[in-house]
Number of protein chains: 2
Amino acid sequence: MAPTPPLSLPVSPRHPKETVNQWAYRSLRQAVMVGLIPPGRSLTIRDVAAALAVSTMPVREALRRLASEQALEVQDNRRIQVPQMTVSKFRELCELRIALECHAAERALPYVGAARIEQLTLIDRRIDEAHAAGDREGVTIHNQDFHRHLYESNPNQVIMPLVESVWLQLGPFTRLALSKLNDFYHVDRHSEALAALKKQDPLALRIALEADIRDGITHVGTAELLSAYVENAGMVG
Amino acid sequence: MAPTPPLSLPVSPRHPKETVNQWAYRSLRQAVMVGLIPPGRSLTIRDVAAALAVSTMPVREALRRLASEQALEVQDNRRIQVPQMTVSKFRELCELRIALECHAAERALPYVGAARIEQLTLIDRRIDEAHAAGDREGVTIHNQDFHRHLYESNPNQVIMPLVESVWLQLGPFTRLALSKLNDFYHVDRHSEALAALKKQDPLALRIALEADIRDGITHVGTAELLSAYVENAGMVG
DNA sequence: TTCACTAAAATGTGATCACGTTTAACCCGC
DNA sequence: GCGGGTTAAACGTGATCACATTTTAGTGAA
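Residues numbered from 1 in each chain as written. Chains lettered and ligands numbered in written order. Predicted model: local features only at pLDDT ≥ 70, side-chain atom pairs only at ≥ 80, totals over all residues. Heavy atoms only, no water.

**What to know about the sheet that holds strand 1 (residues 42-43) of chain B**
Residue and element names in this part refer to chain B.
Inference 1: Across the sheet, which stays open at both edges, the three strands sit in the order 1-3-2 with antiparallel pairing between neighbours. For this open sheet the edge positions go to strand 1 and strand 2 (73-74), each flanked by a neighbour on one side alone.
Inference 2: Across two bridges, the pairing between strand 1 and strand 3 (residues 80-81) is antiparallel. Directly across from Ser 42, in strand 3, lies its bridge partner Gln 81. (Pairing = 2+ DSSP bridges. Helix = DSSP H or I, 4+ residues; strand = E, 2+ residues; numbered from the N terminus.)

Structure (structure tokens):
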């Protein structure tokens, strides 16, 4: 077995007023979300601390937090690693995502006014632009932005943290979905969702949203593709 | 304003092989779950550490973890407190609970066999016993046990952590529901759920489960009762 | 009495160190 | 060469200390 390569993390600049803890959390979260750390890779506190050039203290709290959000996994060894994915677990996460987000959208619907719809339309345009430019990471970010803004129309926010947790778990594997994105004719589910919002039609919204989520998933969801991806431990370009 | 009373936590014995961190987390979680710490009460690291007779290190990690599970809330002051509840937030949490748990039950259904049903029946009996004995906390614990065992029939577990998060947020207020428990004729929704499991009937299971959850909630859910409870900051016997 | 300003206490944050456990390397005997 | 046992390195955990920020108390003037 080859020796584990030295850990290198992309260091985004640290915001002013941001604690080292938050910065470490944000950096690690981003790395996990875009699948930069292959599943099964174990993260030691000292290594991450060295990679981020900070002490161990903020790092271990960031690691623990990500673990409690199911983005990382603590083994019996007390060692922390990126969770391994299985086909059935993946399916389970997708179905959960659909149930959760359809519910979130339905609960948000009554609060969606014209201003919000305009905002969502704008974000949707940004997705298209990133899509046209072949910017996969941009598509991911703006797509999450679209969903987040929709659900957060509901002022009584309790669902978003759970949705984010699911996103984090699926995160490392959405890259695969995006790599296939251009191979299919892309139906704009977001337009359908926006139409449903304008009509205040809950059922149409659910349908559009479920279709949108499945669209991004089915390309991955075939057992063959995913298991090939899983076996390669995330090494997909 | 009266000076904040000194913090006293019920210290459950520490398991062997359990780290101080885990023990502190478990203790705090339990305290929050049963509503022992009134909403709005701010928890300082040093106070909790003193109450648990440990150093600050494990405590702050426990606090942060509970915060990331939405059981506690970090303010802009960086201070940590038990979240305040509002009527609409409560309703939102209840609807989320129903959506989440109905989905979990449906995904678990195919895996529920005779052995599991027998186990659930046993737990249900324990609920009745606690109910008869007037043991509210026992009812809560065994009821959660029933739901947990049902959802965990699904071997690909991804939903339970989210469910636990919702339980934690509702936790401090279920006490009120239980205080009214004996005032109404109690339809045994668990029996209906068990029947649905035997028949492998997804729809009947959903209906039974939603009814079960609503039964425990409607007594609280009336705006008057809850707001009275919220105003009193959890001071309900 | 009330408001503003200052000083002191309290609190969160981050770094460093010590200890026990786990993991990996190494060496010896077969 | 190969397996088993010993030793050293690596790691997580928990405690203590120093520092910056926040909160509170106290004081004095209007």
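What follows picks up the thread again.
**A short note on the protein's contact with DNA strand D**
Inference 1: The environment of DNA strand D is formed by 18 residues, the closest being A:Arg46, A:Arg60, A:Arg64, B:Val20 and B:Ser55.
Inference 2: Here, DNA strand D places atoms within 4 Å of the protein, and 56% of those atoms are sugar or phosphate.
Inference 3: Here A:Arg60 contributes a side-chain N or O atom positioned 3.0 Å from a base nitrogen of DNA strand D.
Inference 4: For the surface near DNA strand D, the secondary-structure elements that each account for two or more residues are helix 2 (45-52) and helix 3 (56-68) of chain A together with helix 1 (20-33) and helix 3 (56-68) of chain B.
Inference 5: Broken down by class, the residue content of the surface near DNA strand D amounts to six nonpolar, six polar and six charged. (Near = heavy atom within 4 Å. Polar contact = N/O pair within 3.5 Å; in protein donor to acceptor, adjacent residues only side chain to side chain. Nonpolar A, V, L, I, M, F, W, Y, C, P; charged D, E, K, R; others polar.)

**Some points on the protein's contact with DNA strand C**
Inference 1: Taken together, 18 residues lie around DNA strand C, and A:Val20, A:Ser55, B:Ile45, B:Arg46 and B:Arg64 are the ones closest in.
Inference 2: Among the atoms of DNA strand C lying within 4 Å of the protein, the sugar-phosphate backbone contributes 55%.
Inference 3: With respect to DNA strand C, the side chain of B:Arg46 contributes an N or O atom lying 3.0 Å from a base nitrogen.
Inference 4: Within the contact set of DNA strand C, a phosphate oxygen lies 2.7 Å away from a side-chain nitrogen or oxygen of B:Arg64.
Inference 5: Breaking the surface near DNA strand C down by element, the ones donating at least two residues are helix 1 (20-33) and helix 3 of chain A together with helix 2 (45-52) and helix 3 of chain B.
Inference 6: Its residues assigned to classes, the surface near DNA strand C shows six nonpolar, six polar and six charged.

**Describing the packing of helix 1 of chain B against helix 3 of chain B**
Residue and element names in this part refer to chain B.
Inference 1: Remark: helix 1 packs on helix 3, axes separated minimally by 8 Å, with the N-to-C direction vectors making an angle of 50 degrees. In terms of orientation, helix 1 and helix 3 fall into the oblique class. In the packing of helix 1 onto helix 3, the handedness of the crossing is right-handed. Listed contacts from helix 3 to Val 20, Asn 21, Ala 24, Tyr 25, Leu 28 and Arg 29 of helix 1 are Pro 58, Glu 61, Ala 62, Leu 63, Arg 65 and Leu 66.
Inference 2: Broken down by class, the residue content of the contact of helix 1 with helix 3 amounts to eight nonpolar, one polar and three charged. (Axes fitted to C-alpha atoms, helices over the stretch in contact; angles between N-to-C directions. Parallel < 35°, antiparallel > 145°, perpendicular 65-115°, else oblique. Left-handed = near helix turned anticlockwise from the far one by under 90°. Contact = heavy atoms within 4.5 Å.)

**Some details on the interface of chain B and chain A**
Inference 1: Of the residues lining the interface, 31 residues belong to chain B; the matching set on chain A comes to 30 residues.
Inference 2: Summed over both partners, the interface of chain B with chain A comes to about 2,700 Å²; 60% of that surface belongs to carbon and sulfur atoms.
Inference 3: One salt bridge connects B:Glu61 with A:Arg60, and the closest N-O pair in it is separated by 3.9 Å.
Inference 4: At the surface where chain B touches chain A, the tally comes to nine residue pairs in polar contact (both at pLDDT 80 or more).
Inference 5: Of all the secondary structure elements, the ones that give two or more residues to the side of chain B that touches chain A are helix 3, helix 4 (87-108) and helix 7 (160-179) of chain B.
Inference 6: For the side of chain B that touches chain A, the element with the highest residue contribution is helix 4 of chain B, accounting for ten residues.
Inference 7: Taken together, the residues of the side of chain B that touches chain A sort by class into ten nonpolar, eleven polar and ten charged. (Buried area = accessible area lost by both parts, 1.4 Å probe. Salt bridge = Lys/Arg side-chain N within 4 Å of Asp/Glu carboxyl O.)

**What to know about the sheet that holds strand 3 (residues 80-81) of chain A**
Residues and elements named next belong to chain A.
Inference 1: Read from one edge of the open sheet, three strands run 1-3-2, paired in antiparallel fashion. A single partner strand is all that each edge strand has here, and the edge strands are strand 1 (42-43) and strand 2 (73-74).
Inference 2: Of the strand pairs in this sheet, strand 2 and strand 3 are connected by two bridges, and their pairing is antiparallel. By the bridge assignment for strand 3, Val 74 is matched with Ile 80.

**Quick notes on the environment of B:Leu43**
Residues and elements named next belong to chain B.
Inference 1: Along the chain, the position of Leu 43 falls in strand 1.
Inference 2: Expressed as a C-alpha distance, the spacing of Leu 43 and Leu 72, which sit 29 residues apart in the sequence, is 9.3 Å.
Inference 3: Not counting residues up to four positions away in its chain, the partners in contact with Leu 43 are Leu 7, Ile 37, Val 48, Leu 63, Leu 72, Ile 80 and Gln 81.

**Quick look at the pattern of salt bridges**
Inference 1: For the structure on display, the rule yields 26 salt bridges over all chains.
Inference 2: Measuring nitrogen to oxygen at the nearest pair gives 3.5 Å for the salt bridge that ties A:Arg189 to A:Glu192. Here A:Arg189 pairs with A:Glu192, and both are found in helix 8 (residues 189-199), just three residues apart, close to one helical turn.
Inference 3: Note that B:Arg214 is salt-bridged to B:Glu95, the shortest N-O span being 3.1 Å. Of this pair, B:Arg214 sits in helix 9 (residues 202-221) while B:Glu95 sits in helix 4; the two residues are 119 residues apart in sequence, bridging distant segments of the chain.
Inference 4: Owing to a relative accessible area of 22%, B:Glu95 belongs among the partly exposed residues under this scheme.
Inference 5: Residues joined in a network through salt bridges with shared partners are A:Arg29, A:Arg148 and A:Glu164. (Buried < 20%, exposed > 50% of the residue type's maximum accessible area, 1.4 Å probe, protein only.)

**Observations regarding the relation of the copies chain B and chain A**
Inference 1: The transformation that overlays chain B on chain A combines an axial shift of 0.0 Å with a rotation of 180 degrees, and the residual RMSD is 0.0 Å. In short, the pair behaves as if placed about a two-fold rotation axis.
Inference 2: An overlap of 97% is found between the interface residues of chain B and their copies at the interface of chain A, pointing to a shared contact surface. (Least-squares fit on C-alpha atoms with pLDDT ≥ 70 in both.)

**Structural notes on the environment of A:Ala49**
Residue and element names in this part refer to chain A.
Inference 1: On the secondary structure map, Ala 49 appears in helix 2.
Inference 2: C-alpha of Ala 49 to C-alpha of Val 59: the two residues are ten residues apart in sequence and 5.9 Å apart in space.
Inference 3: Once residues within four sequence positions are removed from consideration, Ala 49 is found in contact with Val 54, Ser 55, Thr 56 and Val 59.

**Describing the packing of helix 6 (residues 136-151) of chain B against helix 8 (residues 189-199) of chain B**
What describes two packed helices is the angle between their axes and the distance between those same axes.
Residues and elements named next belong to chain B.
Inference 1: Between helix 6 and helix 8, whose axes approach to 13 Å, the crossing angle comes to 15 degrees. Compared by their axis directions, helix 6 and helix 8 come out roughly parallel. The way helix 6 lies across helix 8 gives a crossing that is left-handed. Taken together, the residues of helix 8 that come into contact with helix 6 (itself represented by Asn 143, Phe 146, His 147 and Leu 150) are His 190, Leu 194 and Leu 197.

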